[in-house]
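Read off the chains here:
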Amino acid sequence: MSVPPIQVAIAPVTPLQQNCTIVWCTKTMKAAIIDPGGEVERLMKGLETYGVTLEKVLITHGHMDHAGAAAAIRDLTGVPIEGPHPDDQFWIDRIEASGKQYGIPEARSFTPDRWLYDGDVVTLGETRFEVVHCPGHTPGHVIFFHREARFAQVGDVLFKGSIGRTDFPRGNFNDLIEAISTKLWPLGDDVSFVPGHGPMSTLGFERKTNPYVSDIALGTTRSEPTEDLAPRYS
């Protein structure tokens with residue numbers, strides 16, 4: 001059997017159980033933490049457990065539960081923060097207020113070392129992730145796609161059986177649906193993805209079964225979801 005180019009460990013963090021991910025290049029054992037919402041000590045112990053060396057922090061979007069611990073990790077380790085798209089700066093600026101609201105007072109705002117744009121590439125050891133800008137849940141949301149591994153970290157764009165909320169400031173339902181249907185689906189049905197919350201799924205499974213963005217759903221309506229089918233995740 002061939003050795004996979006990357007390996008992934010999922011660590012739900014904060015009371016919101018956001019899927020923080022430790023991903024590393026199998027060849028070099030260089031790692032990234034994607035969307036560290038909190039629990040820095042636990043994440044550092046995770047790096048030790050897997051025997052990997054942290055190279056950078058990657059952020060899909062600026063919500064507190066996805067980015068609240070990025071500044072602390074950068075201060076502790078000196079690694080850069082890459083992402084999200086600059087349209088999420090206003091969300092990053094709100095992280096400290098959101099942390100107090102949700103009982104996570106250690107959450108801090110920051111300025112990324114590198115903003116990311118559609119079509120960018122982020123490197124990790126000797127491997128690489130493609131950046132896809134997918135607005136809708138937030139205006140500056142990006143996803144990270146590893147083409148060779150057929151893997152994506154999609155944040156709060158898409159979930160197993162649901163989609164991201166669009167009722168936050170500068171959220172846009174139509175933008176979200178367009179991003180999923182025109183940017184995620186073309187990546188391929190065989191792509192496994194880690195969502196921002198809840199279990200993993202594949203793009204193909206969601207394209208067949210998801211009540212908001214399946215081929216059947218998009219062939220019949222593009223209107224807002226009814227209240228009883230509102231997206232379940234933040």
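Keep in mind it's a predicted model, so treat the numbers as computed, not measured.

### Focus on the sheet that holds strand S13 (residues 201-202)
Part 1 of the argument: Strands sit in the order S6-S7-S8-S9-S12-S13 across an open sheet of 6 strands; the sheet is mixed. The open sheet has two edge strands, strand S6 (121-124) and S13, and neither has a second partner.
Part 2 of the argument: The sheet contact formed by strand S12 (residues 192-195) and S13 spans 2 bridges and is antiparallel. Among the inter-strand pairings, serine 192 is bridged to a residue of S13, identified as threonine 202.

### What to know about helix H1 (residues 40-50)
Part 1 of the argument: Burial in H1 covers these residues: Val40, Leu43, Met44, Gly46 and Leu47. Buried residues of H1, viewed axially, fall in a sector of 150 degrees; they line one side. Exposed residues lying more than 90 degrees from the buried face of H1 are Glu41, Glu48 and Thr49.
Part 2 of the argument: Residues of H1 that are buried in the fold lie against strand S1 (6-13), strand S2 (18-25), strand S3 (30-34), strand S4 (53-58) and helix H3 (70-77).

### Considerations on the sheet that holds S3
Part 1 of the argument: As summarised here, the arrangement of the 5 strands in space is S1-S2-S3-S4-S5, forming an open sheet in which the pairing is mixed. Looking at the sheet topology across the chains shown, the edges are occupied by S1 and strand S5 (81-82).
Part 2 of the argument: As paired elements, S3 and S4 share 5 bridges and run parallel to each other. What sits directly across from lysine 30, in S4, is threonine 53.
Part 3 of the argument: Together, S1, S2, S3 and S4 form the strand contacts of H1, whose direction differs from that of S1 by roughly 155 degrees.
Part 4 of the argument: Contacting S3, S4 and S5, H3 runs over the sheet at an angle of about 150 degrees to S4.

### What to know about the environment of leucine 58
Part 1 of the argument: Inspection of the secondary structure puts leucine 58 in strand S4.
Part 2 of the argument: For the pair leucine 58 and isoleucine 33, spaced 25 residues apart in sequence, the C-alpha separation works out to 6.2 Å.

### Considerations on the packing of H1 against H3
Geometry of a packed helix pair, given as the angle between the helix axes and the separation of the axes.
Part 1 of the argument: The geometry of H1 relative to H3 is characterised by a closest axis approach of 10 Å and an angle of 55 degrees between their N-to-C directions. Classified by the angle their axes make, H1 and H3 are oblique. In terms of crossing hand, the pair formed by H1 and H3 is right-handed. Each of Val40, Leu43 and Met44 in H1 lies in contact with H3, whose residues at this interface are Ala72, Ile73, Leu76 and Thr77.
Part 2 of the argument: Here the contact of H1 with H3 is built from residues that sort into 6 nonpolar, 1 polar and no charged.

Cut-offs used in this document
Residues numbered from 1 in each chain as written. Predicted model: local features only at pLDDT ≥ 70, side-chain atom pairs only at ≥ 80, totals over all residues. Heavy atoms only, no water. Pairing = 2+ DSSP bridges. Helix = DSSP H or I, 4+ residues; strand = E, 2+ residues; numbered from the N terminus. Buried < 20%, exposed > 50% of the residue type's maximum accessible area, 1.4 Å probe, protein only. Arc of directions from axis to C-beta. Contact = heavy atoms within 4.5 Å. Axes fitted to C-alpha atoms, helices over the stretch in contact; angles between N-to-C directions. Parallel < 35°, antiparallel > 145°, perpendicular 65-115°, else oblique. Left-handed = near helix turned anticlockwise from the far one by under 90°. Nonpolar A, V, L, I, M, F, W, Y, C, P; charged D, E, K, R; others polar.

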